[in-house]
Structure formats: structure tokens, C-alpha cells
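The primary structure of each chain is shown beneath.
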Amino acid sequence: MEVWKVDMGGTIVSTASVYDGKVFVGSWDQCIRAVDASSGELIWKFHTKEPVSSSPSIHPDGTHLIVGSGDGRVLSIRTDTGTIRWEFQAQGSVHSSPTISHDGKIVVVSSWDHKVYALSALDGTMLWSHETKDKIDSSALILSSNNVITAGWDGFVTCLNLYSGEIQWSTNTKSGGVVSSPTRSSSEPDLIFVGTWNSEILALDVNTGRIVWRTCCVFFVLITSLSNEFIQHRYVD
């Protein structure tokens, strides 16, 4: 049964975030909205300069969300009022969803300017950047080991130190661009999973980046969301 429906004014390709009775979502009508989770009533609306494909990430303290925009900005917006706290300007569109470190101090986000950025969650100051060979749509995966897994259209999956940006390992999948965001499974904590434009899902060793197995799909893979039942070991030499 439908409870409520809200016209967001444009296509929605991101995932909504829910916190404290509010639903936060970006749209291609160049707006980010907060609506009441019970009624759908608009609470606030923030205007960007380009469509929003990035999913809002709620900071652990709940006071603000962080989201990317097609205008190249990474925005920190108050969850209660919709007013901006800080912004960071990349040199290309930001379609990836920001990933916030477990302690809430660092935000990792990627851009079409071929770079991965680590920003201060407090004020948006850039802490480091890592340059790749192509644009990046996927979101980073932050590990408990304080490493960051990133992947992009250059076909590389790379592990970076969260605090310095130093490369720990980097693997060329040789399977076209990696559009899906790296993910893990509780049943196989030592593996990282990514999907590629060449219709493959790959499992990589989280410590070394070695490709453990790869399997073909019918079509290109934009999203990697694996159940424990799906994972089957297909080891490669």
C-alpha cells in the first residue's frame, strides 16, 4: 500500500538516506531534498548547479550529510536546516557517493577529474589526493585496517592508506572500466568484490590485490551487491 509519493522534479539514480525521521535524496533537477519520512512533506531543499547522482552520506554525529554534485562540488549540508557547512570544488563532476571514515574525521570521494580525494569532514580541507588514469564513478570502501579500496574506468582496483594516500597495492583487472563500488562479504572477509564494464565480477585478495577468481555475467555490471549464497570460489593461477 502506497503511503505517500513526492515528485522530485527529475530522475533519481542515487540511493536515499534516512536519519532522524527524514529522507534525504538528490535528483537530476539539480536539488537535494529532505522530506518527512512519515508524510513525505518537504522539510528543505538545497539547489546545486548540476544534476545530483551521488547518494547522501550521513555523518556519524547526524548533524550533517555529505554529497557530491555534477557541478564538481562536494557539499556538507546541515541535516536540520539544509544550510551549507562547507564545500570542496573538484575539477570534474562528482557522481560517486562520499564514504566517511569510522571515526567520522575523513571523507573519501572520487571525481571525473580522475582523482580520489580525502577531505576533512570538519571543514572540507583536502588532506590528500590520488590521481588515476580515467574518471571514477564508484564509491570508495574504507576498511577497518585504515586502508581505502577504490576503482575506476581505467580498470584498476587500488588500495590506499586512509591517512596518507600512499598506495598499498594496485591491480589492473584487464576487464574494462570498473564502474561498481568495491564491496565485501561477511562470509569471505579476505576478499574484495568488483563488477566491470566487460561483464565480469572479480574477487581480489584484500591484502595483496591478487585476483582470486573472476566470473562472467550476461551484461556489464554497474552495481556489486553479493549475497553469501552467490559467492563461489573460482580460483585462478
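Here is a short report on the structure shown in this document. (Residues numbered from 1 in each chain as written. Predicted model: local features only at pLDDT ≥ 70, side-chain atom pairs only at ≥ 80, totals over all residues. Heavy atoms only, no water.)

## Considerations on the overall build of the protein chain
The criterion, for reference: Note on conventions: DSSP H or I runs of at least 4 residues are helices, E runs of at least 2 residues are strands, and numbering of each starts at the N terminus. With the radius of gyration taken over C-alpha atoms, the globule rule is written as 2.2 Å times the number of residues to the power 0.38. The buried label goes to any residue with under 20% of its type's maximum accessible area, the exposed label to any with over 50%, and the partly exposed label to all in between, with areas taken from a 1.4 Å probe on protein chains only. Every residue pair with non-hydrogen atoms within 4.5 Å of one another is taken to be in contact. Only the protein chains shown count as cover for residues, and all accessible areas are computed by the Shrake-Rupley method using a 1.4 Å probe. When charges are tallied, Lys and Arg are placed among the positive residues and Asp and Glu among the negative ones, while His and the ends of the chain are skipped. A single reference atom marks each charge: NZ on Lys, CZ on Arg, CG on Asp, CD on Glu.
In terms of regular secondary structure, the protein chain is built from zero helices and 20 strands. Computed over the C-alpha atoms, the radius of gyration of the protein chain is 18 Å, within 12% of the 18 Å expected from 2.2 N^0.38 for a compact globule of 237 residues. Seen along its three principal axes, the alpha-carbon backbone of the protein chain occupies a region of about 55 × 45 × 30 Å. The buried share among the 237 residues of the protein chain stands at 54%. Considering only residue pairs separated by 6 or more positions, the protein chain has 36% of its internal contacts joining residues 24 or more positions apart. Only carbon and sulfur atoms are counted for the fraction: they give 50% of the accessible area of the protein chain, which is about 11,100 Å². Both charge centroids of the protein chain, one from 17 positive and one from 25 negative side chains, sit 2 Å from each other.

## Description of the pairing of strand β19 (residues 200-205)
Under the convention used in this document: At least two bridges found by DSSP between two strands are what make those strands a pair.
For β19, the tally of buried residues reaches six of six residues, placing the bulk of the element in the interior. The side-chain alternation of β19 yields two buried faces, one formed by Glu200, Leu202 and Leu204 and the other by Ile201, Ala203 and Asp205. Where strand β18 (residues 188-195) folds back onto β19 in an antiparallel hairpin, the turn is made up of four residues, including Ser199, whose phi is positive at roughly 65°. Relative to strand β20 (residues 211-216), β19 runs antiparallel, the two sharing five bridges. Bridging across to β20, Glu200 finds its partner in Cys216. Hairpin connection between β19 and β20: a loop of five residues separates the two successive antiparallel strands, and Gly209 in this loop has a positive phi of roughly 85°.

## A look at the environment of Leu75
Mapped onto the fold, Leu75 is located in strand β7 (residues 73-78). Residue class for Leu75 comes out buried when judged on its relative accessible area of 0%. Ignoring anything within four residues of it in the chain, the contact list for Leu75 reads Ile32, Phe46, Thr48, Leu65, Ile66, Val67, Ile84, Trp86 and Glu87.

## Quick notes on the side chain of His130
In this fold, His130 is placed in strand β12 (residues 126-131). For His130, a relative accessible area of 12% gives the class buried. Beyond its immediate stretch of four places on either side in the chain, His130 contacts His114, Lys115, Val116, Thr158, Leu160 and Ile167.

## Observations concerning the nonpolar core
Heads up, the rule is: In this text, buried Ala, Val, Leu, Ile, Met, Phe, Trp, Tyr and Cys residues form a nonpolar core when linked through side-chain atoms within 4.5 Å.
Ranked by internal contacts, the top residues of the largest apolar core, which has 14 residues, are Leu143, Ile149, Val157, Trp169, Ile192, Val194 and Leu204. Counting only elements with at least two residues in this core, the list comes to β14 (147-151), β15 (156-161), β18 and β19. In contact with Val157, other than residues within four places in its own chain, are Ile149, Thr150, Ala151, Trp169, Ser170, Thr171, Thr173, Val178, Val194 and Leu204. Counting 12 residues, the second-largest nonpolar core is a separate cluster that includes Val94, Ile100, Val107 and Leu119.

## Concerning the sheet that holds strand β13 (residues 141-142)
Working definition: the strands of a sheet are paired by backbone hydrogen bonds and lie parallel or antiparallel to each other. Here we have four strands laid out as an open sheet, ordered β13-β14-β15-β16, and antiparallel in their pairing. The two strands at the open ends of the sheet, each matched to only one other strand, are β13 and β16 (167-172). Taken together, the two bridges between β13 and β14 define a ladder with antiparallel strand orientation. In the strand pairing of β14, Ile142 is matched with Val148.

## Some details on the pairing of β7
In regular strands, side chains alternate between the two faces of the sheet. When you tally the buried positions in β7, you get five out of six residues, the bulk of the element. Where strand β6 (residues 64-68) lies against β7, five bridges are found, and the strand directions are antiparallel. Each bridged residue has a counterpart across the sheet, and for Leu65 the counterpart in β7 is Ile77. Here β6 folds back onto β7 in antiparallel fashion, the turn holding four residues, of which Gly72 has a positive phi close to 90°. Here β7 pairs with strand β8 (residues 84-89) via five bridges, running antiparallel. Paired with Ile77 across the strands is Ile84, a residue of β8. What sits between the antiparallel neighbours β7 and β8 is a turn of five residues, in which Gly82 has the positive phi angle 80°.

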